[in-house]
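# Structural features, examined
The residues making up each chain are set out below.
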Amino acid sequence: MKNRTDKILLAVFLLTLAPYAAFFAYCFSELPLSITPPQQALLLYSHSIPMFFLQLLLCRKGETRNA
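Values in this document were obtained by computation on a predicted structure and should not be read as measured data.

## Quick look at a nonpolar patch on the surface
Taken together, the side chains of Phe24, Phe28, Leu31 and Leu33 present a nonpolar region at the surface, about 390 Å² in accessible area. By secondary structure assignment, the location of Leu31 is in the loop between helix H1 (2–27) and helix H2 (37–45).

## So, the confidence of the model for the chain
Of all residues in the chain, 93% attain a pLDDT of 70 or more, and the chain-wide mean is 88. Mean pLDDT values for the elements of the chain range from 88 in H2 up to 93 in helix H3 (residues 48–61).

## Examining H1
Given a rise of 1.5 Å per residue, 26 residues ought to cover 38 Å, and the 38 Å separating the end C-alpha atoms of H1 matches this to within 8%. Turning to H1, its buried residues number three or more, namely Asp6, Leu9, Phe13, Tyr20, Phe23 and Cys27.

## Details of the packing of H1 against H3
Where H1 meets H3, the closest approach of the two axes is 8 Å, and the angle between their N-to-C directions is 155 degrees. Between H1 and H3, the angle is such that the two are roughly antiparallel. H3 is crossed by H1, and the crossing has left-handed handedness. Each of Lys2, Thr5, Asp6, Leu9, Leu10, Val12, Phe13, Thr16, Leu17 and Tyr20 in H1 lies in contact with H3, whose residues at this interface are Ile49, Pro50, Met51, Phe53, Leu54, Leu56, Leu57, Arg60 and Lys61. Here the contact of H1 with H3 is composed, by residue class, of 13 nonpolar, 2 polar and 4 charged.

About the thresholds
Residues numbered from 1 in each chain as written. Predicted model: local features only at pLDDT ≥ 70, side-chain atom pairs only at ≥ 80, totals over all residues. Heavy atoms only, no water. Patch = residues over 30% accessible without salt bridge, like charges linked within 9 Å, V, L, I, M, F, W, Y side chains within 5 Å. Areas by Shrake-Rupley, 256 points an atom, 1.4 Å probe, with all protein chains shown as cover. Salt bridge = Lys/Arg side-chain N within 4 Å of Asp/Glu carboxyl O. Helix = DSSP H or I, 4+ residues; strand = E, 2+ residues; numbered from the N terminus. pLDDT = per-residue confidence, 0-100. Expected span 1.5 Å × (residues − 1). Buried < 20%, exposed > 50% of the residue type's maximum accessible area, 1.4 Å probe, protein only. Axes fitted to C-alpha atoms, helices over the stretch in contact; angles between N-to-C directions. Parallel < 35°, antiparallel > 145°, perpendicular 65-115°, else oblique. Left-handed = near helix turned anticlockwise from the far one by under 90°. Contact = heavy atoms within 4.5 Å. Nonpolar A, V, L, I, M, F, W, Y, C, P; charged D, E, K, R; others polar.

Set out below in structure tokens:
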């Protein structure tokens, strides 16, 4: 079960990372930035969604050492 959950977390991470990366590239394709305030908020805070799933995956994969 643990391996299946890891695969699901990895898939969700990649599926949420793709739109964020595309939006990030779109926003920075032209400089200076000419995006609206809602787009600025989305750019600043939407990274937390894929990073949340990455953090869950890394916490599951990490090993604890007993001293």
